[in-house]
Amino acid sequence: MSKSKQIGAGKPPKHIYKGVKPKNIKKTLIRLFGYLKEYKLQLIIVAICILLNSGTGIALNGFVKPLIDKYILPLVGVQNPDLSGFLTVILAMCGVALIGLLAGYIYNRLMINITQGTLKTVRDQMYKHMQKLPIKYFDNTTHGNLMSRYTNDAEALRQTLSQSIPSVISSSITVVGVFIVMLIYSWILTLLVVGMLVIMLLTVRFFGGRSSRFFISQQQAIGQLNGYAEEMLHGQKVVKVFSYEQQAKRKFDEVNQNLYENANRAHTYANMLMPIMVNLSYLSYALIAVLGGFLIARTPFLTVGALSSFLLLTRSFTMPINQMSNQINFIVMSIAGAERIFEVLDEPIEQDQGTVTLVKAKKDQNGQFQETTDADPQGVWCWKKPSGDGAEFIKLKGDVRFKDVNFSYDGKKLVLKNVNLYAKPGQKIAFVGATGAGKTTITNLINRFYDIQQGQITYDGIDIKDIKKSSLRRSLGIVLQDTHLFTGTVRDNIRYGKLDATDEEIEKAAKLANADFFIKHLPEGFDTVLTGDGANLSQGQRQLLSIARAAVADPPVLILDEATSSVDTRTEKIIQEGMDKLMEGRTVFVIAHRLSTIRNAQAIIVLEQGEIIERGDHEELIDYGGKYYQLYTGALELS
Amino acid sequence: MFKLAKYFKNYAKIALTTPLFVIGEALLEVSIPFLMAKIIDVGVANKDINYILLTGLLMIGMAFLSLVCGAIAGKFGAWAATGLAKNIRQNMYYKIQDYAFSNIDKFSTASLITRLTTDVNIAQDTVQMSLRALIRAPIMLIAATSMAFNINSRLTLVFLCAIPFLGIALFTLIFIAFPKFLALFKKYDKLNSVVQENLIAIRTVKSFVREDYEIKKFQDASSDIMNYAKKAEKIVILNMPIMQFTVFGCILAISWFGGNQIIQGRMTTGQLTSFLSYIMQILMSLMIISMLFVNIIMTRAAANRILEVIDETPDITPPKNPVTEVADGSIEFENVSFSYKKNDNYVLSNINLKIEHGQTIGLIGGTGSSKSSLVQLIPRLYDVTKGRVLVGGVDVRDYDIKTLRDSVGIVLQKNVLFSGTIEENLRWGSKDATMDEIVRACKIAQAHDFITSFSDGYQTYLDQGGVNLSGGQRQRLCIARAILKNPKVLIFDDSTSAVDTNTDALIRKALKTELKDMTKIIIAQRVASIEDADKIIILDEGQIAGLGTHDELIKTNDIYKDVYFSQKNMGEQNE
C-alpha cells in the first residue's frame, strides 16, 4: 500500500473526451460565479466595455448606408461640393471607433486580472484542500488524474473565463445588433440572411456532430495506442531478448492504422467545416448582391447605401456564429473540468477530534510541569491534556500499545485481526512476515494514516484518537520504504525534518546518519541541488538522506520501513550503522525485509495474514522452530 | 520542423494536391467582391436586370465552386496530416525497436510515450493548419491587394500603409510576448513539479506534518504563474486594439478618400463597397499569418523531440555478411573490457573466460560487481568496449542479431510479462510450440502446478506486468518462457530470487536432467543455488576474482569462503 504510484506521465495527457459531459451545468456555473463575486465592479465595467466594443463594430459597418445615401451620392456631380457634413460624419465615426477600441482594450485588460486572480484562488484552494485529504484518497486516485486537474482542467477554465465567455457575449451582442440594423435597412434581405443562417446552423450541427463522434473514437484509439506502446516500451528489453521486434512492429501497425482511420475521419469533418462556413457566407454575400441589385433596380425598397452596408454586415454576421459554435463546445468541456476541480474540493478531509497536543515543558520549583518554548534546552516533550480550565502534562515516553485492534482498508476484508501488542519506551520491535501480512499496515495505524475500526491504540496511555494528528505525527519519526526527496539542496531536504534547524544541526544529523561522507563528495556539498526526486543520487544515498532527515527531527518514537531494494554490502553496512545510531534511546518499530538487521530487537513479531502468530526475541523464536525459523532458514519467501 | 515533411511518403500526393484546391478557393473568394462591384455599378446603375442575374449567377456559381474547393482542401488536408502523423509514429516506433539497450537507457519510457502521442499530435495539428492557412493567407493577401489595386490604385495606398503597420505591430508583439510565455511555461513546470513531488511523497509530508510548508511552496509557485501570466497576456491583448485600430482606420480612411473620389466622379459606390470587403480579407490574412507563425515556433520544440527519437543511431548494428547459424553453446571472453558510456570507468576489465558447450556455470559476486553486465554481452545486448566475445567460436558481432539472440536465451533480472493469457506470454518463447512443449517447459520451471491451480489454467489472463501473480510465480513464468525458446545458451540473471529455496532446488534439478544439451549460466545470491555447477565464477568489482569448482574454491578462494560460510551459518545455527 505504501508503494507510490507511478506518475501518469505516459497516460494520455488530456482526458478531454473522458467524462466530457458535465453532470450539472447549472450548479457548477453558480459555484463558478461565486468565485467572481469579489470582482463584481470590474465585471460590470467589462460588460459595459464589451457592449461598447461590439456596438462600434456594428456601427462602422452600418454607417456605410447613411454615408453613401446621405453624404456621398447627393454630392455627386455637384460643383464645389460642401464636404463639411461628410467630414463631420467621418470624424464622428473616428471618435466612436476610438471609444470602441479603448473599451476593447479595457475589458481584455480587466479580464486578465479577473481570470488570473480567480485561477489562483481556485488552484490554491484545491491544493490547500488536497493537503488535508486522508491517505486513503491518495491510494484510490492516480497521480495523473490529480495532476491533470491542476493542468488540463485549470487551463480549460482559464480559456473559458478569459476568452470563451467574453467572446460568446460579444458575439451574441453582435448578432443581435447586426440583426436589428439589417431589419431596419431591409426586411426582405434580412429574410434571405436568416434563411442562409438556418442552412449554416444545420451545417455546423451536421459536421460538428459527426466530428465529435469520431473524436471520441479517436480518443479511444489514442488510449489504445498509448497503452500498447507503454506496455511494450516498458518491456522493451524483453522484446530484444526474445527478438520479438517484428511481431511488436506488426501489432503496432494495426493499432496505428486504427488510430489513423479514426483521426482521419474526425479531422476530415472538423477541417471541412471551416472552409464550408466561410464559403457559405460568400454564397450568402452573392445572393444578397443579386437580390439587392434586383431590388434597387426594380423596387423602391432598397438604396445603394443600404446594400453596401448589408454586404459588409453579412460578413460580420457569420463570423460570430462560427465563433459561438466553437466556444460553446469549449465551455461545456471546461465546465466538466470545473466539476472535476470541485470534486476534489468536495472530498471530505481528514477527521481530527484530538485535543491532546505535544509541547515542550519543564518542571517548576514545585515539580509541576509548565509549558515552555520549543527552543528551551531544558524543556522536555510532554503531552498537554486539557482538563477543566487548566491542562495536565504527561511526559512523553514512547509507550505504544495495541488492544484488540481490527482493521480493514476497504471495510470488507480484515487486514489486521485482533492484534495486541506493546512496545515499552526504548524498545526495538521488529515486524516480520510475507508481503501482505500487515507489517506496513501496523505502522500506518500508529501515525493515523488510517483509523482503526475496532480496538484501541494508546500512546503513553492516551488513546491516539484523542491526540491532535499534527502532534501525534510530530512525535513519530518515519523512515519510509521509498525515500522521496524534493527539488532543492541537500540541506533543504534534511531540513525538512525540522524547518528551523540551524546549519550545524543539519550537519550534525547528517553525521549521525553516516550521510556526511557522501554529501561532502557531492559537487557542491550540502548545497548540491537535487532534482527529479533525487534522481542523481543512488538508492543508498537517498536512504542515508532520509535517515538524516529523521535524525534532525529528533523524534522519541521511530518507525523504520526498511528498503526492499538491494544496495551493495558496503553501503548497506553504512546505512545500518546510521540507523543504529538513530535508534539509540528511542522506541523503534522496524518493518524488516532482511532478517539480518533485526537479530538484536527486543521483540520480533511475526505476522501472517493480519494476525500475530509468533512473538519473542531471536533466540526464542529460533528455538520455537515456527514460521520465523522457516523464514530465517530461507524455506519461505520473504519480501 | 520542415524535416518532418519527408515522412508524408504515400500521402505526399495528397499533401501536394491540397494547396491547389486552397489556391483555387482563395482566388474564387477574391473575385467575388469584384463581381459584386460590377452588379452595383453596371447592373444597378443601368437597371439591367439581365446583367444582374447573369453576373449574380456567375458569382453564386463561383461561391459554390469555392465551397467545393474548400471542402476538398479540408478533406485532403486532414487526410495528409493524419497520414503524416501515422507515418511519423510508425517510423518512431520502428526506430525504437532497432534501439540497443544503451539507447533505451537514454530515454525514459514516459518520455518516449509523450513523444509518440502528444508531440506527434501537435505536429499533426500544425501541419493540417499550415496546409490550408500557409498557402491561403499569402495568396489572399496578394490577390486581394492586386484586385484592389486594379479597382483603384490611389486608394490602395491606404492598404500599403496599413499592411506594413499591422505586420510590424503583430510581429513585434510576438517577439516581445514569446520570451515572456517561455518564462511562464517554466513557471508552470515548477508548479507541476511541486504538485508531483507532493503527491509522490504525500506520506513523507504527512508524517513530518509539513502540510503548511507545502502549501506555502505551492502558493509561491502559484503566485509566480499569476504574475508571469499577467505580464505575458498584457502584451498579447494589445493585438486586439491594434487589429481593430487598423480595420477601423482603413474603413474610415477609405470611406473618406473613396467618398471624395465618388463625388468627383472618379469612383463608383460598387467599387467602394468591394474595396471595403477587400480590407477585411487582407487584414484577416495578415492576422492568420502571424498566428501561424506562433504556432510553427511552438511546434518546433515538439518536432525536435520527435526527430531526436528518429535520428538516434542504434548503438548496435547488424554486420554486413551475417553468420546465420550458431554452431554450439560454447562461450569465450577474450580480454573483454566494457563500460556503459564512452570514456566512463570500465565496469568490466580484462575478462578472459572459456565455457564449454553444455556446462553449467555459476556466477556470484556482490552488488555492483557487474555480473549482469558480463552476461548481457553474450546475446549482444551491449557491445564490448575492448576485446571480443565468442559464441560457438564466432564473434557475436558477426552474427545476424536475431540468430544470436534466438540461440542465447536470457532471463533478465528485471523481467516483464505482458497483458494477455499465460499461454500467450509463454508463446513469446516459441510461436508455434505445441501444448506439450509448453507444459514441459512449465514443468521444468516448476510453474505447471500453480498455473493449473488457477481456474482458467493456461488461459488465465495476466494484467499488465502480471500484477496478479506473486513475485516468485512471475519469475517461474519468465523462466518457462525462456526455456521454450530452446536456446543453446540459457542465462539466469538472479531469476529465482523470489522463489523459495525448495522450489529453487527443484528448478535446478530439472534444468540439469531435462536440458542437458544447453549451456547454462546462473547468477545467484545464494551459494546453494550454484554449489553444484561445473564451474563457479566469482566477480569482484568487474574482475574475475576466482574460478573453479565448489570444492576448489572453498579451499583457495577467500571471498567464496566468506560468502559460503556466512550463508551456511545462517542455516546451520538453528539446526
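Procedures and definitions
- Residues numbered from 1 in each chain as written.
- Chains lettered and ligands numbered in written order.
- Predicted model: local features only at pLDDT ≥ 70, side-chain atom pairs only at ≥ 80, totals over all residues.
- Heavy atoms only, no water.
- Pairing = 2+ DSSP bridges.
- Helix = DSSP H or I, 4+ residues; strand = E, 2+ residues; numbered from the N terminus.
- Axes fitted to C-alpha atoms, helices over the stretch in contact; angles between N-to-C directions.
- Contact = heavy atoms within 4.5 Å.
- 1 Å grid on protein atoms, 1.4 Å probe; cavity = no way out; pocket = protein on both sides within 12 Å on 5 of 7 lines; lining within 4 Å.
- Points joined across faces, edges and corners; volume = space filled by probe spheres on them.
- Nonpolar A, V, L, I, M, F, W, Y, C, P; charged D, E, K, R; others polar.
- Expected span 1.5 Å × (residues − 1).
- Buried < 20%, exposed > 50% of the residue type's maximum accessible area, 1.4 Å probe, protein only.
- Phe/Tyr/Trp six-rings, centres within 6.5 Å; stacked < 30°, edge-to-face > 60°.
- Lys NZ or Arg CZ within 6 Å of the ring centre and 35° of its normal.
- Parallel < 35°, antiparallel > 145°, perpendicular 65-115°, else oblique.
- Left-handed = near helix turned anticlockwise from the far one by under 90°.
- Domains from an automatic or database assignment.
- Patch = residues over 30% accessible without salt bridge, like charges linked within 9 Å, V, L, I, M, F, W, Y side chains within 5 Å.
- Areas by Shrake-Rupley, 256 points an atom, 1.4 Å probe, with all protein chains shown as cover.
- Salt bridge = Lys/Arg side-chain N within 4 Å of Asp/Glu carboxyl O.

Chemist: Quick question: what am I supposed to make of the sheet that holds strand β15 (residues 603-608) of chain A here?
Modeler: Strands in a sheet are paired, the pairing made by backbone hydrogen bonds, and the direction either parallel or antiparallel. Residue and element names in this part refer to chain A. The mixed open sheet is built from six strands, whose spatial order is β10-β13-β14-β7-β15-β16. The strands lining the two open edges of the sheet, one partner per strand, are β10 (476-479) and β16 (611-616). If you compare each strand with its neighbour and ignore which way they point, the axes differ by 20° on average. Judged from the five bridges that link them, β15 and β16 form a sheet pairing that is antiparallel. Across the sheet, Leu607 pairs through a bridge with Ile612, a residue of β16. Along the sheet face, helix α11 (residues 439-446) touches β7 (428-432), β10, β13 (557-561), β14 (587-591) and β15 and points at about 145° away from the line of β14.

Chemist: Explain empty space enclosed by the protein to me, please; I cannot follow it from the model alone.
Modeler: A probe matching the size of a water molecule, rolled over the atoms, marks out where space remains unfilled. Residues and elements named next belong to chain B. In total, this model carries 13 cavities of 30 Å³ or more according to the counting rule given. By volume, the largest cavity is sized at about 100 Å³. Lining the largest cavity we find Thr360, Arg508, Lys509, Leu511, Lys512, Lys520, Ile522, Ser529, Asp532 and Ala533. Every element with two or more residues in the lining of the largest cavity is listed here: α16 (501-514) and β10 (519-523). Top element by residues in the lining of the largest cavity is α16. It accounts for four residues. Across the lining of the largest cavity, the residue classes tally to three nonpolar, two polar and five charged.

Chemist: How should helix α8 (residues 239-263) of chain B be read in this particular structure?
Modeler: Residues and elements named next belong to chain B. With 25 residues, α8 ought to run about 36 Å at 1.5 Å a step, and its terminal C-alpha atoms sit 35 Å apart, in line with that. The buried count for α8 comes to 18 of 25 residues, which makes it a mostly enclosed element. Following α8 by one or two positions, Gly265 adopts a phi angle in the positive range, close to 80°.

Chemist: Can you help me understand the packing of aromatic side chains in this one?
Modeler: In this description, a pair of aromatic rings is defined by centroid distance and the angle of the planes. The final tally for this structure, using the stated rule, is 37 aromatic pairs over all chains. Residues Phe431(A) and Phe589(A) carry aromatic rings whose centres are separated by 6.1 Å and whose planes lie at 10° to one another, so their mutual orientation is stacked. Of this pair, Phe431(A) sits in strand β7 while Phe589(A) sits in strand β14; the two residues are 158 residues apart in sequence, bridging distant segments of the chain. Relative accessible area serves as the criterion here: at 0%, Phe589(A) is assigned to the buried category. Judged by centre distance (4.3 Å) and plane angle (5°), the ring pair of Phe418(B) and Trp428(B) falls under stacked. Note that Phe418(B) is positioned in the loop between β6 (408-411) and β7 (420-421) and Trp428(B) in the loop between α12 (422-426) and α13 (435-444), a separation of 10 residues in sequence. You'll find Phe418(B) and Trp428(B) in the same group, each marked buried. Joined through ring pairs, the aromatic side chains of Phe206(A), Phe207(A), Phe214(A) and Tyr269(A) make up one cluster. Above the ring of Tyr94(B), the side-chain terminus of Lys249(A) is found at 4.9 Å from the ring centroid.

Chemist: Is there a simple way to think about the packing of α13(B) against helix α15 (residues 471-484) of chain B in this case?
Modeler: Describing two packed helices takes the angle between their axes plus the distance from one axis to the other. Residues and elements named next belong to chain B. Packing of α13 against α15 leaves a shortest axis separation of 8 Å and a crossing angle of 130°. By the angle between their axes, α13 is oblique relative to α15. Between α13 and α15 lies a crossing whose hand is right-handed. From α13, Glu437, Ile438, Ala441, Cys442 and Ile444 reach across to α15, where they touch Ala480, Ile483 and Leu484. Class assignment for the residues of the contact of α13 with α15 results in seven nonpolar, no polar and one charged.

Chemist: Could you clarify how one ought to interpret the environment of His448(B) in this entry?
Modeler: Residues and elements named next belong to chain B. By the element assignment, His448 lies in helix α14 (residues 448-453). In sequence terms His448 and Arg427 are 21 residues apart; their C-alpha atoms lie 15 Å from each other. Other than its neighbours up to four places away in sequence, His448 contacts Val439, Cys442, Lys443 and Tyr458.

Chemist: Got a minute to help me understand the pairing of strand β1 (residues 357-363) of chain A in this structure?
Modeler: Moving residue by residue along a regular strand, the side chains alternate between the two faces of the sheet. Residue and element names in this part refer to chain A. Here β1 runs beside strand β3 (residues 380-387); their pairing, made up of five bridges, is antiparallel. The residue bridging Thr357 from the neighbouring strand is Lys384, located in β3. By the bridge criterion, four bridges tie β1 to strand β2 (residues 369-372) in an arrangement that is antiparallel. Considered in β2, the bridge of Lys362 is made with Gln370. Turn length for the β1-β2 hairpin, with the two strands adjacent in sequence and antiparallel, is five residues, and the turn residue Gly367 shows positive phi of about 75°.

Chemist: How should I be thinking about the domain arrangement of chain B in this particular structure?
Modeler: Put simply, an interface is often sized by how much accessible area is lost when its parts join up. Under the domain assignment, chain B is made up of domain 1 (4-311), domain 2 (318-407 + 488-575) and domain 3 (415-486). Here the C-alpha centre of domain 2 of chain B lies 60 Å away from the C-alpha centre of domain 1 of chain B.

Chemist: When you look at the pairing of β6(B) in this model, what are you seeing that I'm missing?
Modeler: Residue and element names in this part refer to chain B. Here β6 shows a buried face lined by Val408 and Ile410 and a second buried face lined by Gly409 and Val411. Summarising the sheet, β6 and strand β9 (residues 489-493) pair through four bridges and their orientation is parallel. When the bridges of β9 are listed, Ile410 appears paired with Ile491.

Chemist: What's the story with a nonpolar patch on the surface in this structure? I'm lost.
Modeler: All names here are of chain A. Together, Phe179, Leu183, Trp187, Leu191, Val194, Val198 and Leu202 line one region of the surface with nonpolar side chains, adding up to about 680 Å² of accessible area. Sort the elements by how many residues they give to the nonpolar patch and helix α7 (residues 187-234) lands first, with five residues. Looking at the secondary structure, you find Leu202 in helix α7. The exposure class of Leu202 is exposed, given its relative accessible area of 53%.

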